[in-house]
Amino acid sequence: MTLTEKIMQHAKDLPESLQAEILDFVEYLESRVEKGEDKGRAKDWAMFSLTSAMGGMEEELTPYTIDDLKERFIH
């Protein structure tokens with residue numbers, strides 16, 4: 001007997017109100033899986049976008065020095 005069959009066997013013996021809770025839980029688990037996949041896709045797309053936008057800039061010379069990065073306070 002497969003795991004799916006075992007789950008179905010247990011679920012069919014429960015009252016309908018508890019079967020509804022099982023359905024809610026299954027739908028919740030499905031949404032977690034979908035969100036996880038969406039996060040992966042969004043991360044991949046963001047990396048592609050950044051790579052495309054910044055492509056070729058690695059070799060560009062900058063007019064700034066390390067001194068330009070220091071924070072200066074005026075009293």
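See the structure shown above.
Cut-off values and rules
- Residues numbered from 1 in each chain as written.
- Predicted model: local features only at pLDDT ≥ 70, side-chain atom pairs only at ≥ 80, totals over all residues.
- Heavy atoms only, no water.
- Helix = DSSP H or I, 4+ residues; strand = E, 2+ residues; numbered from the N terminus.
- Buried < 20%, exposed > 50% of the residue type's maximum accessible area, 1.4 Å probe, protein only.
- Areas by Shrake-Rupley, 256 points an atom, 1.4 Å probe, with all protein chains shown as cover.
- Patch = residues over 30% accessible without salt bridge, like charges linked within 9 Å, V, L, I, M, F, W, Y side chains within 5 Å.
- Salt bridge = Lys/Arg side-chain N within 4 Å of Asp/Glu carboxyl O.
- Lys, Arg positive; Asp, Glu negative; His and termini not counted.
- Charge placed at Lys NZ, Arg CZ, Asp CG, Glu CD.

(A) Structural detail: the overall build of the protein chain. Check the secondary structure of the protein chain and you find 2 helices and 0 strands. Dimensions of the protein chain, computed from C-alpha atoms along their principal axes, come out at roughly 75 × 40 × 15 Å. Evaluated residue by residue, the protein chain yields a buried proportion of 1% over its 75 residues. Just so you have it, the protein chain exposes about 7700 Å², and 61% of that area is on carbon and sulfur atoms.

(B) Region of interest: the environment of Ala53. One can find Ala53 in helix α2 (residues 16-54). With 21 residues separating them in the primary sequence, Ala53 and Arg32 have C-alpha atoms 31 Å apart.

(C) Representation of a negative patch on the surface in the model. Taken together, the side chains of Glu21, Asp24, Glu27, Glu30 and Glu34 define an acidic patch exposed on the protein surface. One can find Glu21 in helix α2. Residue classification places Glu21 among the exposed positions, given a relative accessible area of 52%.

(D) Looking closely at the environment of Leu23. Relative to the helices and strands, Leu23 is located in helix α2. The class of Leu23 is partly exposed, set by a relative accessible area of 47%. Between the C-alpha atom of Leu23 and that of Gly55, which follows or precedes it by 32 residues, the distance is 47 Å.

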